[in-house]
Amino acid sequence: MSVESERRRRLLALAGELADDFATRAAEHDRNNTFPFENIARMKETGYTALVIPEAYGGLGADLLDFCLCQERLAQGCAATALAINMHLFGLGSMVERGDMTRPQARRFLEAVGQGRQIIGGGITEPETGGNWGFFATRAIKEGDSYLVNGRKVFTSLAPVIDLFMVMATVEDPDAGFLSGTLLIPRGTPGLEVVETWDTMGMRATASHDLIMTDCRVPLDHAIRLRTIGEILPEDISLFAWFSLSIASVYTGIAIAALNFAKAFASRHQPLPLPRPIKYLPGVQFTIAEAETLLAATRAYTLETAKAWVQGEEFVGEDGLRRVCMPKYFATNNAIRIVDLAMEVVGAVGIFKKHPLERYYRDVRAGTNHPFSNARMRELIGKNVLGIKLLEMPRW
Ligand SMILES: Cc1cc2nc3c(=O)[nH]c(=O)nc-3n(C[C@H](O)[C@H](O)[C@H](O)COP(=O)(O)OP(=O)(O)OC[C@H]3O[C@@H](n4cnc5c(N)ncnc54)[C@H](O)[C@@H]3O)c2cc1C
């Protein structure tokens, strides 16, 4: 067995062990809208929180393909935990791959997550800008040896346990003008406040609360990725590769869990007038067949794209951006359809809270909202294949 496949086998075994454990508490956290602190503790103990950090820095050394496979497996146990930890891991994976921090910054940061088991997260989505990532209402004004940060972030998954908030902001620098950048703001920094707003239909255990910055002082060396606003750089494609493909995997994990539930149910459920369980009915077989076909296509597309990325295939410009994002569009929409089909197989029993299927049904609906949303993805795909630049004006 190659070194890569041995590592992948080991990582998947860990994801499976965690998923089976987290599944025992998923319904309770969902029902009570509580945060699974014990899942985070377990992921820290086992190194899962450092999944994508190189082994030299105390991590498990996963590449993008390992990451996708692990997240797909973890989500089968508790989708909310998988999605929440995804928000910690995807940016890290991309950052490690790009190596875009100055050396002492990189060492300090990677060791904090790898050996210190710190949690990062936060800080992209805002009420003003939503999924239009790249433009931020949050302002960081350079004043002397620090930035003065003001703004509000929403959907801050993992909010109760984040040690280091990654806040994306518009940076005003008297010398360089307007830039966009990420500020690393430690928990406890004066002016930083988590406001508990999270009470949603699905993905309830992610505790994706609001984060408010009021005159927060952030040292200049806590800023990374300062760049001109609006342009698409290779680092954006890397960030979206790690984000889109792992998000695709999380929602595919929900679809797998739903389909497994439906297949098990169809194998044991036997209404009195029928001679055999409902899996022998053509309607059930055809519905399962459609769902399995969608699942196979989804997994193949996501994982082949991740593989191409890991093998160093070139993903350039808007064409590259479309190629790394399309699997997320395909996967999140297919996952909704697959869970709907699972519901159809199970029938009315599927809406009972004592079964996980109704939670899968609610959780899976969040998927299409993560960037790129359906509308924005269709625009990117349509324009790209028709040879129209995304930022070309007039837009329509
Ligand atoms: C469970 C969950 C956890 C999350 N965790 C995090 C997290 O940890 N950190 C984080 O930063 N974010 C997080 N997010 C935010 C998420 O990834 C998206 O950024 C957010 O859901 C977008 O919100 P919105 O749909 O209200 O945005 P909007 O962009 O306001 O979209 C609203 C609608 O308008 C359309 N629209 C908006 N802009 C355009 C446009 N330019 N062109 C065409 N149509 C447009 C959209 O398609 C959509 O239909 C999370 C979201 C969820 C659901």
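Scoring rules and cut-offs
- Residues numbered from 1 in each chain as written.
- Predicted model: local features only at pLDDT ≥ 70, side-chain atom pairs only at ≥ 80, totals over all residues.
- Heavy atoms only, no water.
- Salt bridge = Lys/Arg side-chain N within 4 Å of Asp/Glu carboxyl O.
- Helix = DSSP H or I, 4+ residues; strand = E, 2+ residues; numbered from the N terminus.
- Near = heavy atom within 4 Å.
- Polar contact = N/O pair within 3.5 Å; in protein donor to acceptor, adjacent residues only side chain to side chain.
- Areas by Shrake-Rupley, 256 points an atom, 1.4 Å probe, with all protein chains shown as cover.
- Domains from an automatic or database assignment.
- Axes fitted to C-alpha atoms, helices over the stretch in contact; angles between N-to-C directions.
- Parallel < 35°, antiparallel > 145°, perpendicular 65-115°, else oblique.
- Contact = heavy atoms within 4.5 Å.
- Nonpolar A, V, L, I, M, F, W, Y, C, P; charged D, E, K, R; others polar.
- Buried area = accessible area lost by both parts, 1.4 Å probe.
- Buried < 20%, exposed > 50% of the residue type's maximum accessible area, 1.4 Å probe, protein only.
- Expected span 1.5 Å × (residues − 1).
- Bend = angle between axes of the 7 residues up to and from the residue.
- Pairing = 2+ DSSP bridges.
- Core = buried A, V, L, I, M, F, W, Y, C linked by side-chain atoms within 4.5 Å.
- Phe/Tyr/Trp six-rings, centres within 6.5 Å; stacked < 30°, edge-to-face > 60°.
- Lys NZ or Arg CZ within 6 Å of the ring centre and 35° of its normal.

## A closer look at the pattern of salt bridges
Logical step 1: In this structure the tally under the stated criterion is 29 salt bridges.
Logical step 2: Across the pair Arg8 and Asp66 runs a salt bridge whose closest N-O atoms are separated by 2.5 Å. Placement of the pair is Arg8 in helix H1 (residues 3-32) and Asp66 in helix H3 (residues 64-77), with a sequence separation of 58 residues.
Logical step 3: A cluster of three or more residues bridged by salt bridges with shared partners is formed by Arg7, Arg8, Asp63 and Asp66.

## Side note on the site of the ligand
Logical step 1: With respect to spatial proximity, 22 residues lie near the ligand, and among them Thr125, Gly131, Phe155, Ser373 and Arg395 are the closest.
Logical step 2: Between Asn132 and the ligand, the recorded distance is 2.8 Å, taken from a side-chain N or O atom to a nitrogen atom.
Logical step 3: Within the complex, 73% of the 970 Å² of free accessible area of the ligand lies under protein.
Logical step 4: Sorting the residues of the shell around the ligand by element identifies helix H4 (79-98) and helix H10 (374-385) as the ones contributing at least two each.
Logical step 5: Built from parts of two domains, the shell around the ligand gets at least three residues from each of domain 2 (139-227) and domain 3 (234-385).

## What about the packing of H3 against H4?
Logical step 1: At their nearest, the axes of H3 and H4 sit 6 Å apart, and the two run at 150° to each other. Viewed along their axes, H3 and H4 adopt a mutual orientation that is roughly antiparallel. Residues Phe67, Gln71, Leu74, Ala75 and Gly77 of H3 lie in contact with H4, whose contacting residues are Ala79, Ala82, Ile85, Asn86, Leu89 and Phe90.
Logical step 2: Here the residues of the contact of H3 with H4 are counted per class, giving eight nonpolar, three polar and no charged.

## What to know about the domain arrangement of the protein chain
Logical step 1: Assigned domains of the protein chain: these are domain 1 (3-118), domain 2 (139-227) and domain 3 (234-385).
Logical step 2: Just the C-alpha atoms count here: the centres of domain 1 and domain 2 sit 22 Å apart.
Logical step 3: Tallying the contact residues gives 26 residues for domain 1 and 20 residues for domain 2.
Logical step 4: Counting each side, the surface lost to burial between domain 1 and domain 2 is near 1800 Å², with a carbon and sulfur contribution of 66%.
Logical step 5: In this structure, the connection of domain 1 to domain 2 is made through zero salt bridges.
Logical step 6: Joining domain 1 to domain 2, the criterion identifies two residue pairs in polar contact (both at pLDDT 80 or more).
Logical step 7: If you list the elements that add at least two residues to the side of domain 1 that touches domain 2, you get H1, helix H2 (37-46), H4 and helix H5 (103-114).

## Here we look at unusual backbone geometry
Logical step 1: Of note, the bond from Pro371 into Phe372 is cis; its omega dihedral lies within 30 degrees of zero at -10°.
Logical step 2: Inspection of the secondary structure puts Phe372 in the loop between helix H9 (357-363) and H10.
Logical step 3: One non-glycine residue with positive phi stands out, namely Leu158, at about 70°.
Logical step 4: Note on Leu158: relative accessible area 0%, which makes it buried.

## Description of H1
For an α-helix the count is 3.6 residues per turn, leaving residues at separations of three or four pointing the same way.
Logical step 1: With 30 residues, H1 ought to run about 44 Å at 1.5 Å a step, and its terminal C-alpha atoms sit 43 Å apart, in line with that.
Logical step 2: Along H1, the sharpest change in direction is near 45° and occurs at Arg25.
Logical step 3: Along H1, the residues classified as buried are Arg7, Leu11, Leu14, Ala15, Gly16, Leu18, Ala19, Phe22, Arg25, Ala26, His29 and Asp30.
Logical step 4: Elements in contact with the buried residues of H1: H2, H3, H4 and H9.
Logical step 5: Trailing H1 by a residue or two, Asn33 shows a phi angle of about 55°, which is positive.

## Observations concerning the pairing of strand E5 (residues 177-186)
Logical step 1: Counted residue by residue, E5 has seven buried out of 10 residues, so it is predominantly covered.
Logical step 2: In this sheet, E5 lies alongside strand E4 (residues 164-173) in antiparallel orientation, the contact comprising 10 bridges. What sits directly across from Met166, in E5, is Leu184.
Logical step 3: Counted between consecutive antiparallel strands, the loop separating E4 from E5 contains three residues.

## Some details on the environment of Ala255
Logical step 1: Inspection of the secondary structure assignment puts Ala255 in helix H6 (residues 234-268).
Logical step 2: Each C-alpha atom, one on Ala255 and one on Arg323, is 22 Å from the other, the two residues being 68 residues apart in sequence.
Logical step 3: If sequence neighbours within four positions are ignored, Ala255 has contacts with Ala335, Ile338 and Val339.

## Some points on the nonpolar core
Logical step 1: Counting 123 residues, the largest nonpolar core has Tyr48, Leu51, Leu64, Phe109, Leu158, Leu183 and Tyr251 as the members making the most contacts within it.
Logical step 2: In terms of residues, this core owes the most to one element, H6, which gives 20 residues.
Logical step 3: In this view, Leu158 contacts Phe35, Ile40, Ala84, Ile85, His88, Ile119, Ile120, Thr206 and Ala207; residues no more than four positions away in its chain are not counted.

## Describing the packing of aromatic side chains
Logical step 1: Summed over all chains, the structure comprises nine aromatic pairs.
Logical step 2: Residues Phe35 and Phe37 carry aromatic rings whose centres are separated by 5.0 Å and whose planes lie at 75° to one another, so their mutual orientation is edge-to-face.
Logical step 3: Assessed through its relative accessible area of 8%, Phe35 is described here as buried.
Logical step 4: The rings of Phe90, Phe240, Phe243 and Phe372 are connected pair by pair, giving a single aromatic cluster.
Logical step 5: Sitting over the ring of Tyr280, Arg276 keeps its end group 4.0 Å from the ring centre.
Logical step 6: The cationic tip of Arg323 hangs over the ring face of Phe315; the distance from NZ or CZ to the ring centre is 4.1 Å.

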